[in-house]
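Examining the three-dimensional arrangement
Here are the chains, one letter per residue:
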Amino acid sequence: MPVDKSGALATLDKFVAEVHSLTAEFRQEVKTDDDEVVDTGTLSFERPNRFRWMARKPNELLVVTDGKTMWQYDVELAQVTQAPVDESNDSSPASLLAGDRNARDRFDVLDAYRSDGLEWIKLAPKAADSGFASVLIGFDGLAPRQLELVDSLNHTTTVALEKVVLNPDLPDSVFEFKAPPNVEVVGGER
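Points about the nonpolar core
- Of all hydrophobic cores here, the largest spans 33 residues; its most connected members are Phe-15, Phe-45, Leu-123 and Ile-137.
- Setting aside residues up to four positions removed in sequence, Leu-123 forms contacts with Leu-12, Leu-96, Phe-107, Asp-108, Val-109, Leu-110, Ala-133, Ser-134, Val-135 and Ile-137.
- Counting ten residues, the second-largest nonpolar core is a separate cluster that includes Leu-62, Trp-71, Phe-177 and Val-185.

A closer look at the sheet that holds strand 9 (residues 132–140)
- Pairing is mixed in the open sheet, where twelve strands are placed in the order 7-8-9-10-11-1-2-3-4-5-6-12. The sheet is open, and its two edges are formed by strand 7 (107–115) and strand 12 (184–186), each paired on a single side. In this sheet, adjacent strand axes meet at a mean angle of 20 degrees when their direction is disregarded.
- Looking at chain direction, strand 7 and strand 8 (residues 118–125) are connected through eight bridges and run antiparallel. In the sheet register, Arg-114 faces strand 8, and the bridge partner there is Glu-119.
- Against the sheet, helix 1 (residues 6–18) touches strand 1 (21–31), strand 2 (36–46), strand 7, strand 8, strand 9 and strand 10 (143–151), its axis set at about 80 degrees to strand 8.

Thoughts on the pairing of strand 9
- Most of strand 9 is tucked away: seven of the nine residues are buried.
- As paired strands, strand 8 and strand 9 are joined by five bridges and run antiparallel to one another. Its bridge partner lying in strand 9, Leu-123 is registered against Val-135.
- Hairpin remark: strand 8 followed by strand 9, antiparallel, with six residues in the connecting loop; positive phi at Gly-131, about 95 degrees.
- Hairpin geometry of strand 9 and strand 10 is characterised by an intervening segment of two residues between the two adjacent antiparallel strands and by a positive phi of about 65 degrees at Gly-141.

Examining the pairing of strand 4 (residues 61–65)
- A large share of strand 4 lies buried, amounting to four of its five residues.
- Here five bridges tie strand 3 (residues 50–57) to strand 4, and the two strands are oriented antiparallel to one another. When the sheet's bridge partners are listed, Phe-51 is paired in strand 4 with Thr-65.
- Two successive antiparallel strands, strand 3 and strand 4, enclose a turn made up of three residues.
- By the bridge criterion, five bridges tie strand 4 to strand 5 (residues 69–74) in an arrangement that is antiparallel. The residue of strand 5 that forms the bridge with Val-64 is Trp-71.
- Between strand 4 and strand 5, which pair antiparallel and follow one another directly, the connecting turn spans three residues, one of which, Gly-67, has a positive phi of 100 degrees.

Analysis parameters
- Within any chain, residue numbers begin from 1 and follow the written order of that chain's sequence.
- Where totals are concerned, whole chains, interfaces and linings use all residues; where local detail is concerned, this predicted model gives features only for residues with pLDDT of at least 70, and gives and counts side-chain atom pairs only at 80 or more.
- Side-chain measures here rest on the full set of heavy atoms in the structure, leaving out hydrogens and waters.
- Side-chain atoms within 4.5 Å are what join buried Ala, Val, Leu, Ile, Met, Phe, Trp, Tyr and Cys residues into a set we call a nonpolar core.
- The buried label goes to any residue with under 20% of its type's maximum accessible area, the exposed label to any with over 50%, and the partly exposed label to all in between, with areas taken from a 1.4 Å probe on protein chains only.
- Whether two residues are in contact is decided by their heavy atoms, any of which lying within 4.5 Å being enough.
- Each pair of strands is called paired provided DSSP finds at least two bridges between the two strands.
- Helix and strand assignments come from DSSP, with helices taken as H or I runs of at least 4 residues and strands as E runs of at least 2, each series counted from the N terminus.
- Axes here refer to lines fitted to C-alpha atoms; in helices the fit is confined to the stretch in contact. Angles between the N-to-C directions go from 0 to 180 degrees.

As structure tokens, this is what we get:
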């Protein structure tokens, strides 16, 4: 029996059209064949392509993009990786949430259903080199509450979002990054 994907697609399309910014607290569980790691922190985004992910425990990691450059700062390693953002072919879950309206065109809809009070939609990136096989997003109205990512090695990452605020006014400084002194910067200038 074919799955009626229209409700979940409508929710996703409305989310992309009406949610211009978001803040939330997250709890991320990464399960591999041998291990399970739990991180907690905060995230913020503003369309198009401005994103901030701050994991606080157990390992402090900051990922920031201003739409042009992405910085990944590993506090423990005292290292920043800097790279240009190419949103034209970005098939990451972050681009799906925070990207422009065209981001959804880079995904195929695999499944859609309602369960546990959430509207679920399962997507797969069209690009073969995206690094992950699928993303499952559970929406409560327009608020994403849970994501489940399966990477190309079949490892699962589950991200639960709490204290979600839709369309907050965010200052530009949220999406700016300057490497701290005595931190190695890889891939670009400070």
